[in-house]
Amino acid sequence: MANPSLLQIEIKKEKDSELIVRDHPSNVIEISPVFNNVDNPEANYILDLPEQAINSGALSAIQLETIIYSCQRHEQKLSDGSRAGYLIGDGAGVGKGRIAAGVIFENFIRGRKKSIWFSISTDLKYDAERDLRDIGCGDRIAVHAVNKLKNSKALADVTESTKEGVIFCTYSDLIMTSATKRLLCLEQLLKWCGPNFDGVIVFDECQHTNDINYSGSNKRKIGMAVLELQKNLPNARIVYISTTAVSEPHSMASMVRLGLWGQDTPFKDFGQFLENVKNFGEIAGDMIAMEMRQRGSYVNRQLSFKDVTYQVVEVCQLPKFIRTYDNSVKLWLQLWKYFTEAAELVDLGQKTQKIMWTNFWSAHHRFFRCLCISVKVIHAVKFASEAVKRGESVVIGFQSTGEAYTLQKIQDVGSPMSNFVSTSKMIMQSLVEKHFPASDSLQMLADARNNKGTVGGKRKCVRKTAGTSKKKKHELTEVVSYDEIIDSDASDAPVFDYHSDSTETKLKDEEAVEDRRIKLEKALLIRQDLLEKIEEIGTILPPNWIDQLIDEFGGSENVAEISSRKGRLVQKNNGLVQYELRSEKEVPLESINIRERERFMNGEKKIAIVSAAGSCGISLHADRRAKNQSRRIYISLELPNSAELALQQFGCIHRSNQVNAPEFIFLVPELAGERRSALIVANRLQFLGASFKNQRLNGDSTSKLEETSEYDSAVLDAMNVIMGQKSPVIPVPVDYKGNFFGDIRTALGLVGVISSNVLPLVKVGIGVPEILKRILGIPVDFQATLLQYFNGVRSTISNQGKMDKQNCTTILDLRFNKCAYRRKVLKVTSKNTDAPAKIYLHEIEVDGGIDWRTAEEKWLPKSRQADEGIYFSKEVSHGKRDIIIVRRSETVDDGDKRDLKYTVIRPNTGMQILPQSEITIKYIPQFSSPKLAKIEPKVLWDFHYDASKDSCIHDYWLKNKIKNHKKGPESCKEGLRSCATYKLLAGSIFLLWKEIESIIRESNPQWKMQIARVLVDSSKIVGIVIPDNCESQLIAFLTK
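Residues numbered from 1 in each chain as written. Predicted model: local features only at pLDDT ≥ 70, side-chain atom pairs only at ≥ 80, totals over all residues. Heavy atoms only, no water.

Trainee: Got a minute to help me understand the overall build of the protein in this structure?
Mentor: A count of helices and strands for the protein gives 35 helices and 31 strands. When each of the 1040 residues of the protein is scored for burial, the buried share is 55%. Carbon together with sulfur atoms contributes 48% to the accessible area of the protein, which is approximately 45,900 Å² in total. (Helix = DSSP H or I, 4+ residues; strand = E, 2+ residues; numbered from the N terminus. Buried < 20%, exposed > 50% of the residue type's maximum accessible area, 1.4 Å probe, protein only. Areas by Shrake-Rupley, 256 points an atom, 1.4 Å probe, with all protein chains shown as cover.)

So this is what it looks like as structure tokens:
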């Protein structure tokens, strides 16, 4: 047997045969950097896949490795007797579909002929068939869909007639019910599988079982149905597929077979598990990933973005848009005022007001997000048109379609319209119609009169709200019944919960009733006035962005739309706009996205517009097998809330086997939150190897983007200054006329950011997005001034020495501008419920200085500016010279004064930032003098580095000739190279967190638990800082 060197493990075969294992066609990297310190368990599973499936290269080395670990994991049982599951967290392009197909094929060969494949769209059935066909089993394993079956007899027919193969099912199919409220699909699937079923069940995009935006109560029903299926099939071989699950642990509720909670674990249920995750703050995902990696139950890789380029294009707002935006701001302020007034008139209770304001601010954010999208449309059209002229193909991506508001308008009008529907107008109108208290209040009064003059107690109107049903308080991991699945409900409709003293007592006299009627009629007049104002501003609000894009590009014949929309608005020759279904004469609605994809891939259409839902699982890249192999340009109109979701969507144009790498363009108007969203995604792309080339429409450019954490810190520092809780770090904008801080405080108060002079949202990464959402509700020029101030603060403040605080745990970066060395490591293997857990006790020495190797590799510029490189001190003291490395930092604009900042690296004290003036006074570049050029920098650097370990700056330079120089235990420490030793407990510590914390606090009651991260020899270690006095107790606990 050939040893496939491309694998970290060997593929074992029982017979002597020649295997040719091929590398993945594209470069793949592991997303989680902590994986460098965590080993997979030893692989001992023997594959039965045919040689042809391997030798053909249809399954690459990394895909085969995942199949092996998945099948090996399925051989293990959890404490409750159910079979352990496997989570594939790979990004787009790694081949999750082929891996799933390979697992199904492997089990098919071993006699497990039945499998189930769940996904979010019926379109992906064809992808499942393709994946099975590509690995050579398409003629042996048929795929049967159940999405069109609407009655129990038809569903029974397909499950009874299908003796083997794969049943493909969407999550919405799973909760399909009959007239008698029976869960047809779930019942028939369980019947088809049988009680001893041990085949494969693939839950593709399984984070959506808890997190997808299904209408009504379907989200909860789907999650419960998935749990019910797993409970009834304990021997099933479960494969979860989700790119974002670990980074968003709240979406893991249905992944019960991972063994992270339940019997013989520290967590009784998913709720306790999620609560524990919060203690880990921003590195919670890494801790969960390390735990599962050591068990052999998780893989997490991403296609490298090397050769991919991206731009962050700062777009300008046209005067017409600014006027529209500012008029909208004024109207929203009136809405806020009138909602407040109406709530007082109808005497809303505290609970009801909370619901009302939640809906208000949610609509407020959606409205201004729509305006942010609309301002990008004209620029997206320009970039797309230029790209098509260059022979490239364009994909325009966004998150939402606004279809619900379009359909609402069409139902109201019922005939052709003169203009496209404005989504932003409908958001505002819907808020007033559904959540303004007046109309429902009048109906309540009418009901009261019909009930003998009683204003009917607490009126719980319309539907139950989320959180009011006792069933909703059940944990997802509890046993559920079919009735619970069918009856579970969730709705955000308002409940008008009036004060008990005004609604639960009888109005005994007609004067009180009349007074209340007058107040309610006044509230209704306010509502009508608002609707008229909304109708008026609606004439200048932008139309739905999708309809506008299609119209700008000349109609649907030029644009491939791949989205969840059922129809679109089309402008006819008579100028009227009419709603039309997206289906065509020979293409039904359920197949239209597939047909549009084909048109784009064969070059019939060079522009595609793709929604978040439409991008799941599809391939629009420059595939070598496709007719259209032109370079892809992805223009983002709207980015998701996380980098993981963005990467998943970008995967539609960046996949394996592509002719050329794509380019991504992020359009960023000068509006709150837009730059931060771009930074989150851009920094992740850069981490994955993409190249950044910035462009502004005014021609300026830069080569550096700030980190998201830097931006967040600047926003919070600026907010503290604005609130008067911190002294200003930069002057106010010189061209601002008026009281800058006073005006800012007033504006922020009107959008609910400031309450009683207190800033309620203060946590980096949590509070900042909410603050920026609200800032969208102030005028454009004022936003620009405020954002300019944020950027000025960011450029000025120094983040050196700061610790990033998230939730209740402090994250300590041990190697912040320092060198770290591993002195020793103790490896402990602890028994776990389903696999041995490896735990490491590292002893790390952190050096305050920087040795020559680190300085040369990290800081010495290879191709440098004239003012960068090695510098020597001008003066020679006692035959000695000082040596530093100088790197250009960034230019800080402080009013009219501009000063170039430099990063200075010293052998004994590491890195610091100094202005140019301070450096040139004492130091001179090495190559400015032939004499200095002959000095070997390594020798001088090593000399200073070694001497600073024991000798202070005075001993070194002045030979103890300084007056009052201290000796002994309290000797001078100035200039000494400080070294500190830390003990870090790393590895499989997630499930033992509570016990570890208990042992530490027993000996150190005041000890604050710290999570630390450090980079040692290119390996990142993440662990808990351990006090010296409890090391032996911890080792004893872990080894027993």
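Once the structure has been displayed, the description carries forward.
Trainee: How should the environment of Ile141 be read in this particular structure?
Mentor: By secondary structure assignment, the location of Ile141 is in the loop between α4 (124-134) and β4 (143-145). Take Ile141: its relative accessible area is 3%, and that puts it in the buried class. The spacing of Ile141 and Lys113 is 28 residues in sequence and 8.4 Å in space, taken between C-alpha atoms. Apart from the residues lying within four places of it in its own chain, the contact partners of Ile141 are Ile104, Phe105, Phe108, Leu132, Gly165 and Val166. (Contact = heavy atoms within 4.5 Å.)

Trainee: Just to check I follow, could you spell out the packing of aromatic side chains for this structure?
Mentor: When we look at a pair of aromatic rings, we describe it by the centre distance and by the angle of the planes. According to the stated counting rule, one finds 31 aromatic pairs in the structure shown. On the basis of an interplanar angle of 10° and a centroid distance of 5.2 Å, the ring pair of Phe118 and Phe203 is categorised as stacked. Within this pair, whereas Phe118 is found in strand β3 (residues 114-119), its partner Phe203 is found in strand β6 (residues 200-204), the two being separated by 85 residues in sequence. Measuring from ring centre to ring centre gives 6.0 Å for Phe270 and Phe273, while their planes differ by 35°; the resulting arrangement is tilted. Note that Phe270 and Phe273 are positioned in helix α10 (residues 270-278) at a spacing of three residues, about one turn of the helix. (Phe/Tyr/Trp six-rings, centres within 6.5 Å; stacked < 30°, edge-to-face > 60°.)

Trainee: Help me understand the pairing of β6, please; the structure alone is not making it clear to me.
Mentor: Successive side chains on a regular strand alternate, one facing one side of the sheet and the next facing the other. With respect to burial, β6 is a largely interior element, five of its five residues being buried. Both faces of β6 are covered, namely the face carrying Val200, Val202 and Asp204 and the face carrying Ile201 and Phe203. Alignment of β3 against β6, held across four bridges, turns out to be parallel. Within β6, the position partnered with Ile116 by the bridge is Ile201. (Pairing = 2+ DSSP bridges.)

Trainee: For this particular structure, what's the right way to read the packing of helix α2 (residues 61-73) against helix α3 (residues 96-109)?
Mentor: Angle between the axes and distance between the axes are the two parameters that describe a pair of packed helices. Look at α2 against α3: their axes get within 9 Å of each other, and the N-to-C directions meet at 50°. The angle between α2 and α3 falls in the class oblique. Where α2 crosses over α3, the handedness of that crossing is right-handed. The segment α2 lies against α3, with Gln63, Thr66, Ile67, Ser70 and Cys71 engaging Arg98, Ile99, Gly102, Val103, Glu106 and Asn107. Class assignment of the residues belonging to the contact of α2 with α3 gives a composition of four nonpolar, five polar and two charged. (Axes fitted to C-alpha atoms, helices over the stretch in contact; angles between N-to-C directions. Parallel < 35°, antiparallel > 145°, perpendicular 65-115°, else oblique. Left-handed = near helix turned anticlockwise from the far one by under 90°. Nonpolar A, V, L, I, M, F, W, Y, C, P; charged D, E, K, R; others polar.)

Trainee: Could you clarify how one ought to interpret the side chain of Gln648 in this entry?
Mentor: Mapped onto the elements, Gln648 comes out in helix α23 (residues 643-650). What Gln648 contacts, discounting residues up to four positions off in sequence, is Ala92, Glu205, Gln207, Thr243 and Thr244.

Trainee: Whenever I open this one, the confidence of the model for the protein confuses me. Can you help?
Mentor: The predicted coordinates of low-pLDDT regions are not to be read in fine detail. Chain-level pLDDT for the protein is 78 on average; 76% of the residues reach the 70-or-more range. Mean pLDDT across the elements of the protein bottoms out in strand β20 (residues 804-806) (36) and peaks in strand β7 (residues 237-241) (96). In this model residues 211-217 is a low-confidence stretch, pLDDT under 50, and it forms 15 contacts with partners more than four residues away in sequence or in other chains. Across residues 486-505 the pLDDT falls below 50, and counting only partners more than four positions away or on other chains, this stretch makes 74 contacts in the model. (pLDDT = per-residue confidence, 0-100.)

Trainee: Hey, could you run me through the pattern of salt bridges in this one?
Mentor: Oppositely charged side chains may form a pair once their charged atoms are brought near each other. Within the structure shown, the criterion is met by 36 salt bridges. A salt bridge links Glu291 to Arg295, with the shortest nitrogen-to-oxygen separation between them at 3.3 Å. Of this pair, Glu291 and Arg295 both sit in helix α11 (residues 284-295), four residues apart, roughly one helical turn. For Arg295, a relative accessible area of 2% corresponds to the buried category. Ionic contacts of the salt-bridge type, sharing partners, join the residues Asp547, Glu561, Arg565, Arg568 and Arg582 into one network. (Salt bridge = Lys/Arg side-chain N within 4 Å of Asp/Glu carboxyl O.)

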